[in-house]
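# Residue-level structural notes
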Amino acid sequence: MSTQLLKSMTAKLELAQKPSSRTPAWIATASLFASLIPLSLAPILVKLCEQEIGSNAVAFHRGWIAATVFGLLSTIEAFDRQKSDRQPVEQKPFTRREFALLVGLGTFGATYFLLWSLSLTQTNVANVTLFCGLNPLFVGLGGWLLLGRRYNSRFIIGMILALVGAIVMGWDDVQFATNQVQGNAVALLSGICFAAYLILLELLRERFTTATLLLWRCAFTTVLAFPVLALAEERLFPHSWMGWFFLILQALLCQVLGQGLLAYSLSKLSSGFVAVTLLFEPVLASIFAWVIFSERLGFFDLVAFVVILSGIYVAQSSQSAVKETRELA
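In this report, the structure presented in the accompanying data block is examined.

Calculation rules
Residues numbered from 1 in each chain as written. Predicted model: local features only at pLDDT ≥ 70, side-chain atom pairs only at ≥ 80, totals over all residues. Heavy atoms only, no water. Axes fitted to C-alpha atoms, helices over the stretch in contact; angles between N-to-C directions. Helix = DSSP H or I, 4+ residues; strand = E, 2+ residues; numbered from the N terminus. Left-handed = near helix turned anticlockwise from the far one by under 90°. Contact = heavy atoms within 4.5 Å. Phe/Tyr/Trp six-rings, centres within 6.5 Å; stacked < 30°, edge-to-face > 60°. Buried < 20%, exposed > 50% of the residue type's maximum accessible area, 1.4 Å probe, protein only. Salt bridge = Lys/Arg side-chain N within 4 Å of Asp/Glu carboxyl O. Arc of directions from axis to C-beta. Core = buried A, V, L, I, M, F, W, Y, C linked by side-chain atoms within 4.5 Å.

Bringing the packing of helix H4 (residues 55-83) against helix H5 (residues 96-122) into the picture now. Remark: H4 packs on H5, axes separated minimally by 9 Å, with the N-to-C direction vectors making an angle of 145°. With respect to the hand of their crossing, H4 and H5 are arranged in right-handed fashion. On the side of H4, the interface is formed by Ser55, Asn56, Val58, Ala59 and Arg62, while H5 contributes Phe113, Leu114, Ser117, Leu118 and Thr121.

This is the structure we're talking about:
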C-alpha cells in the first residue's frame, strides 16, 4: 500500500471530530489501563509466533491483518458520519505538516515493532523489557525539547518511582552477556522509536481518529517489513494451523485491541503519562506467568509492584497527566 494511496484514503474517510474536548479523562484513563492487558501478552504471543516464522514475517502479517481491520473501521466511521448529522470539525484537506507527521508516525511505529520483534530473537525478554521500558525518559526529553512541554515535580517524582520499580522487578533476570549486547542495543533503539511514536500519536489525535492513525502505522509496518522478507526470512507463512492461530491472535489482540485502546487514551492523556503507565506491563506479565505457569513471585517482585503503582498514581494525580490541547498548523 503506497503512501499516496494512504493519503487519498485518509482525505476521503477522515477528518475527525476534536477528541480531546469530547473524551472525559476517566474514560481515557480506563482505556489506557485496559490496553495493558493485551499489550502485556505481546512478548509471549510473538515468541510463540517466532517458533514457526521469523520476526520480520511476524511484523508483516501483524501489519496487514491489523491494517485490514483498521481500514474497515475507518470506512464504517466514514459511512456513519455521512448518514448522521454529525459533521467533522475540519473538512479541508490536511496540510503538508500533518502529512509529514503521519509519515513520521507510520515510520516510527513500524520501526519500533520491527526492532522490538528482532530484539526478542537476540536477547531475553527481561532485557527487552528493561531497555525498551526506558522510553518514558525519551518521551519526557522529546516533549521538553520538541514541544516545549514542562512537567511538574509531582509528575517527575512519579515517573522516577515507576522506573525504579520496573528496574528492580526485572533486575534478577537481566543478563549482560557479551552475546546479548546487540540485542540490548536494538531493544534500546526500539524504546526510542516508541517514544517518538507516542509523541506523534498524541499530536495527531487532535485531528484524526484512532482507526485512521493506526491504519497508517500498520500499513507502514507491512510496507517496511516486506522488502526484507526475501533476504532475511526462510519462511514467510506458518506451517501449522496453530501457528496461524497465534499469528492472528496477536494481531487482533495486541495490535488492534491493545494499541487501539492506547491510541484512544491519547485523546485526553499526555504521552508522558501514557509512557509511565505502560511500565505496569511487566507487572501484569508476571501475574499472568504466576497464574498460568505457576512461576514464583518473590518478595522484591511484590515490593516492585507497589513502587510502580505508587509512581503511576503520583504521576496520574499531577496536571502533567492530561495533555495540552494544541492545534496542528
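Turning our eyes to something else, we now look at the packing of aromatic side chains. Geometry of an aromatic ring pair is reported as the spacing of the ring centres plus the angle between the planes. A complete count under the given rule lists nine aromatic pairs for this structure. Arranged with centres 4.6 Å apart and planes meeting at 45°, the rings of Tyr112 and Phe194 form a pair that is tilted. Linking Tyr112 in helix H5 with Phe194 in helix H9 (residues 181-204), this pair joins segments that are 82 residues apart in sequence. We note that Tyr112, like Phe194, is buried.

It is worth spelling out the pattern of salt bridges at this point. Note on pairing: side chains with opposite charge can pair once their charged atoms come close. For the structure shown, the criterion picks out one salt bridge. Across the pair Arg207 and Glu98 runs a salt bridge whose closest N-O atoms are separated by 2.3 Å. Of the two residues, Arg207 sits in the loop between H9 and helix H10 (210-232) while Glu98 sits in helix H5, which places them 109 residues apart along the sequence. Across the pair, exposure class does not vary: Arg207 and Glu98 are buried alike.

All right, on to helix H3 (residues 42-49) then. Within the span of H3, buried status applies to Ala42, Pro43, Leu45, Val46 and Cys49. Taken end-on, H3 shows its buried residues confined to a sector of 165°, consistent with a single buried face.

What follows concerns the nonpolar core. With 85 residues, the main nonpolar core has Phe70, Trp116, Leu198, Leu262, Phe273, Val274 and Leu278 as its most contacted residues. In terms of residue count, the dominant contributor to this core is H9 (twelve residues). What Leu278 contacts, discounting residues up to four positions off in sequence, is Leu36, Leu39, Phe194, Leu198 and Leu262.

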